[in-house]
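Each chain, letter by letter, is given below.
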Amino acid sequence: MDNIHVLIEHLEARKDLHTAKAMSAYMRDQFSFLGIKSPTRREIVREFLKHYPAKKEWLSVLWDLPEREYQYTALDILLKIRKTLEPEDLPLIESFILSRSWWDTVDLLASNAAGYLLHRAPDLQSNYGEKWIHSENMWLNRTAILFQLHYKQDTDEALLYHYIRAHADSSEFFLQKAIGWALREYSKTNPVSVKAFIEKENLKPLSKREGLKWIGKS
């Protein structure tokens, strides 16, 4: 575990308080920042991983640190090692979704981590999906709607539409946006089905507008 502190020291050394203030303001002051822009952070992580093979145990250490770049760094490392993860790691991913939650981390966790693992274990999709869609936590609801985002022809259409219907009347912006996003991505695979679904269901205007964007362009 000591190796991760080398990375933390490298990141701390690049702290920029002026940039940190601007970054925090952009995120509605939800989080504090070190002030390290994404290209610089990724380069620091890339150089670090040349010397120290990534470990899953580092993820929680980074996630628990206060500045937002540490969660981003954890996600950088998570994507590097996700092929080594197993469905048994889904509770860990879920814990990250529930902690320091905002769209900038949840969306990647939903589609590229939880979604990735559930694609490998389709028998678990409805188990986790049902739990998430009926949760009182909005970010888990969003995860249920988005985890199939990259599935294309492997999308379980019935499941996707079921989850969308569960929150179709929600006034929550992040759920309306997630519904539109999920429909827009799936429309690239099955535009006829998505168009028919949008015409039939009583979706919020934002969800409809977002869901029809690709169909309108094509």
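Computed from a prediction, not measured in an experiment: that's the story for all the values here.

Peer 1: Now, about the domain arrangement of the protein: what can you tell me, with residues and values included?
Peer 2: Segmenting the protein into domains produces domain 1 (1-82) and domain 2 (85-217). Each of domain 1 and domain 2 has a C-alpha centre, and these two points are 27 Å apart. Taken together, the contact between domain 1 and domain 2 spans 19 residues of the former and 18 residues of the latter. When domain 1 packs against domain 2, close to 1800 Å² is buried across both sides, 66% of that on carbon and sulfur atoms. Among the residues domain 1 hides against domain 2, the three largest losses belong to Trp-63, Leu-78 and Arg-82. Together they make up 37% of the total.

Peer 1: Which residues make up the packing of helix α5 (residues 68-81) against helix α7 (residues 103-120), and what values do they have?
Peer 2: Axis angle and axis distance: for two packed helices, these are the angle between their axes and the distance between the axes, and together they describe the pair. Interaxial distance between α5 and α7 falls to 11 Å at its minimum, and their mutual angle equals 10 degrees. Our classification of the angle between α5 and α7 gives roughly parallel. Here α5 contributes Arg-68, Gln-71, Tyr-72, Leu-75, Leu-78 and Leu-79 to the contact with α7, which in turn contributes Asp-104, Thr-105, Leu-108, Leu-109, Asn-112 and Ala-113. Along the lines of polarity and charge, the residues of the contact of α5 with α7 split into seven nonpolar, three polar and two charged.

Peer 1: Any details on the nonpolar core? Residues and values, ideally.
Peer 2: Leu-109, Ile-145, Ile-164 and Leu-183 are the most contacted members of the largest nonpolar core, which has 70 residues in total. When residues of this core are assigned to their parent elements, the largest contribution, eight residues, is made by α7. Formed jointly, this core draws a minimum of three residues from each of two domains, domain 1 (1-82) and domain 2 (85-217). Other than its neighbours up to four places away in sequence, Leu-109 contacts Trp-63, Leu-75, Leu-78, Ile-93, Phe-96, Ile-97, Ala-114 and Gly-115.

Peer 1: Describe the side chain of Asn-141, with residues and values.
Peer 2: If you trace the backbone, Asn-141 turns up in helix α9 (residues 138-146). Judged by relative accessible area, Asn-141 falls into the buried class, the value being 4%. Contact partners of Asn-141, with chain neighbours within four places excluded, come to Trp-132, Ile-133, His-134, Ser-135, His-167 and Leu-175.

Conventions we followed
Residues numbered from 1 in each chain as written. Predicted model: local features only at pLDDT ≥ 70, side-chain atom pairs only at ≥ 80, totals over all residues. Heavy atoms only, no water. Domains from an automatic or database assignment. Contact = heavy atoms within 4.5 Å. Buried area = accessible area lost by both parts, 1.4 Å probe. Axes fitted to C-alpha atoms, helices over the stretch in contact; angles between N-to-C directions. Helix = DSSP H or I, 4+ residues; strand = E, 2+ residues; numbered from the N terminus. Parallel < 35°, antiparallel > 145°, perpendicular 65-115°, else oblique. Nonpolar A, V, L, I, M, F, W, Y, C, P; charged D, E, K, R; others polar. Core = buried A, V, L, I, M, F, W, Y, C linked by side-chain atoms within 4.5 Å. Buried < 20%, exposed > 50% of the residue type's maximum accessible area, 1.4 Å probe, protein only.

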